[in-house]
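Now for the letters of each chain:
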Amino acid sequence: MKVRKFAAIDIGSNAIRLLTHNIIEEKNKVTLFRKSALVRVPVRLGEDSFTVGEITDRNADRIVNTMKAFKLLMDVAGVEQYMACATSAMREANNGLEIIKRVKDEADITIELIDGKREAAIIASTDLKQLMQKDKSYLYIDVGGGSTEFTVFTQGKILVSKSFKLGTVRLLNNMVGEATWKKLEDWIKEHVRNIPDVSIIGSGGNINKLHKISGRKEGEPLSSIWLKAQYSFLESLTYDERISELGLNPDRADVIIPATKIFLSAAKWSGAKKIHVPKIGLSDGIIKTLYYDTNTKKP
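Residues numbered from 1 in each chain as written. Predicted model: local features only at pLDDT ≥ 70, side-chain atom pairs only at ≥ 80, totals over all residues. Heavy atoms only, no water.

K.L.:
Tell me about the packing of helix H2 (residues 57-77) against helix H4 (residues 96-107), and please be specific about residues and values.
P.N.:
Across the interface, H2 lies against H4 with an axial gap of 10 Å and an inter-helix angle of 40°. The angle between H2 and H4 falls in the class oblique. The way H2 lies across H4 gives a crossing that is right-handed. Facing H2, whose interface residues are Ala60, Asp61, Ile63, Val64, Met67, Lys68 and Lys71, H4 presents Ile99, Arg102, Val103, Glu106 and Ala107. A class-by-class count of the residues in the contact of H2 with H4 yields seven nonpolar, no polar and five charged. (Axes fitted to C-alpha atoms, helices over the stretch in contact; angles between N-to-C directions. Helix = DSSP H or I, 4+ residues; strand = E, 2+ residues; numbered from the N terminus. Parallel < 35°, antiparallel > 145°, perpendicular 65-115°, else oblique. Left-handed = near helix turned anticlockwise from the far one by under 90°. Contact = heavy atoms within 4.5 Å. Nonpolar A, V, L, I, M, F, W, Y, C, P; charged D, E, K, R; others polar.)

K.L.:
I'd like a rundown of the sheet that holds strand S6 (residues 137-143), residues and numbers included.
P.N.:
Strand order across the open sheet formed by six strands is S8-S7-S6-S9-S11-S10, with mixed pairing between neighbours. Pairing within the sheet leaves two strands with one partner each, and these edge strands are strand S8 (157-164) and strand S10 (222-223). Sheet topology places S6 next to strand S9 (residues 198-203); six bridges connect them, and they run parallel. Opposite isoleucine 141, over in S9, you have glycine 202 as the bridge partner. (Pairing = 2+ DSSP bridges.)

K.L.:
Can you tell me about the pattern of salt bridges, naming the residues and giving the values?
P.N.:
Overall, the coordinates contain 20 salt bridges when judged by the stated rule. Residues glutamate 26 and lysine 29 are paired through a salt bridge, measuring 3.9 Å at the closest nitrogen-oxygen approach. Its relative accessible area of 34% is what places glutamate 26 among the partly exposed residues. (Salt bridge = Lys/Arg side-chain N within 4 Å of Asp/Glu carboxyl O. Buried < 20%, exposed > 50% of the residue type's maximum accessible area, 1.4 Å probe, protein only.)

K.L.:
Any details on the pairing of S9? Residues and values, ideally.
P.N.:
Where burial is concerned, most of S9 is hidden: six out of the six residues are buried. Neither face of S9 is open: one carries Val198, Ile200 and Gly202, the other Ser199, Ile201 and Ser203, and all of them are buried. Relative to strand S11 (residues 274-276), S9 is paired through two bridges, and the arrangement is parallel. When the sheet's bridge partners are listed, isoleucine 200 is paired in S11 with isoleucine 275.

K.L.:
Which residues make up the nonpolar core, and what values do they have?
P.N.:
If you look at the biggest cluster of nonpolar residues, it comprises 39 residues, and the most contacted ones within it are Leu139, Phe150, Ile188 and Ile200. Contributions of two or more residues to this core are made by S6, strand S7 (148-154), S8, helix H7 (178-192), S9, helix H8 (205-214), helix H9 (224-236) and helix H11 (256-270). No other element matches the nine residues that H11 contributes to this core. Once residues lying within four places of it in the same chain are set aside, the contact partners of phenylalanine 150 are Leu139, Tyr140, Ile141, Val160, Ser161, Lys162, Phe164, Leu184, Trp187, Ile188, Ile262 and Ala266. In this structure, Ala7, Ile11, Ile55 and Ala86 belong to the second largest nonpolar core, which totals 28 residues. (Core = buried A, V, L, I, M, F, W, Y, C linked by side-chain atoms within 4.5 Å.)

K.L.:
How would you explain the environment of valine 64 if you had to name every residue and give the values?
P.N.:
Checked against the element boundaries, valine 64 lands in helix H2. Classification of valine 64 as buried rests on a relative accessible area of 1%. Residues valine 64 and valine 277, 213 residues apart in the sequence, show an inter-C-alpha distance of 32 Å. In this structure valine 64 touches Arg102, Val103, Glu106 and Ala107, once residues within four positions along its chain are discounted.

K.L.:
Tell me about the packing of aromatic side chains, and please be specific about residues and values.
P.N.:
For the structure shown, the criterion picks out eight aromatic pairs. Pairing phenylalanine 150 with phenylalanine 164 gives two aromatic rings, centres 5.7 Å apart and planes at 85°, and the pair type is edge-to-face. Of this pair, phenylalanine 150 sits in strand S7 while phenylalanine 164 is found in strand S8, placing the two residues 14 residues apart along the sequence. By relative accessible area, phenylalanine 150 is classed as buried at 0%. Seen from the ring of phenylalanine 50, arginine 170 lies directly overhead, with NZ or CZ sitting 3.9 Å from the centre. Geometry around phenylalanine 33 places lysine 288 over its ring, the cationic atom sitting 4.6 Å from the centre. (Phe/Tyr/Trp six-rings, centres within 6.5 Å; stacked < 30°, edge-to-face > 60°. Lys NZ or Arg CZ within 6 Å of the ring centre and 35° of its normal.)

K.L.:
Describe the sheet that holds strand S2 (residues 16-25), with residues and values.
P.N.:
One open sheet accounts for five strands, arranged S3-S2-S1-S4-S5; its pairing is mixed. Across the chains shown, the open sheet's two edge strands, defined by having one partner strand only, are strand S3 (32-41) and strand S5 (111-113). Strand-to-strand twist in this sheet, taken as the mean axis angle between neighbours without regard to direction, amounts to 25°. Direction of pairing for strand S4 (residues 81-86) relative to S5: parallel, over a ladder of three bridges. If you follow alanine 84 over to S5, its bridge partner there is isoleucine 111. Across the face of the sheet, H2 comes into contact with strand S1 (2-11), S2, S3 and S4 while running at roughly 20° to S2.

Dropping the structure here:
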């Protein structure tokens, strides 16, 4: 048996994450992927990028310092391969490429700037398909700070996928107009029109937190009815109350409301009554993509 360690760095619009996995290889057996550690640093890049068009000097310094810390953690943990991906906040910042170069020079970490289509493809390389029943159809939704990826699966295969500039940080800053919501509504209705009994699969920190709040067991889906009631409850609390009474992190207590709105809207337009929360996302997809690319295998 051989245990290898791979790492994923997800530079999002609301936070930066380092996920490490133990990958267990054994002859004539299926390769196992086991989460080892997750470090999350609340650097809200989207607030800079989406409002003023560039990342501030303060947050640029925080990115570099975070990457230096991640490099040390990976070295200490014995990580043999890593992949770092940046999404919409870095992509839309005028100084995004400068910061990527600075991170390479000062922290010796190479960052890949990915678009929504690439992001959706990486997420799809997770265990997502293994969680689906072949005779069922699903609307997969990955809510981020800057954008949300939507993918329709039928018979275990991707039917269509699209990224919308409809993220929690954008919504908090009133940067999403009615036209964007209407485009999303039309897109969902068009692609699930002839598909009966669609369920939602949700990913991202907010839906994971909502599932935890619900008290449901792992693998037990949320209902759209519960989510609607929870949305009203969250809105009735102040920002401070969401932190003190629900135990939410300060950088989660605000974005959880627009995230819930995205899931509720998608449930309404798709007719979905269940939201499955498998706790997978971009970081997990990065690990799988990196491993199979490195070993020139297919999952």
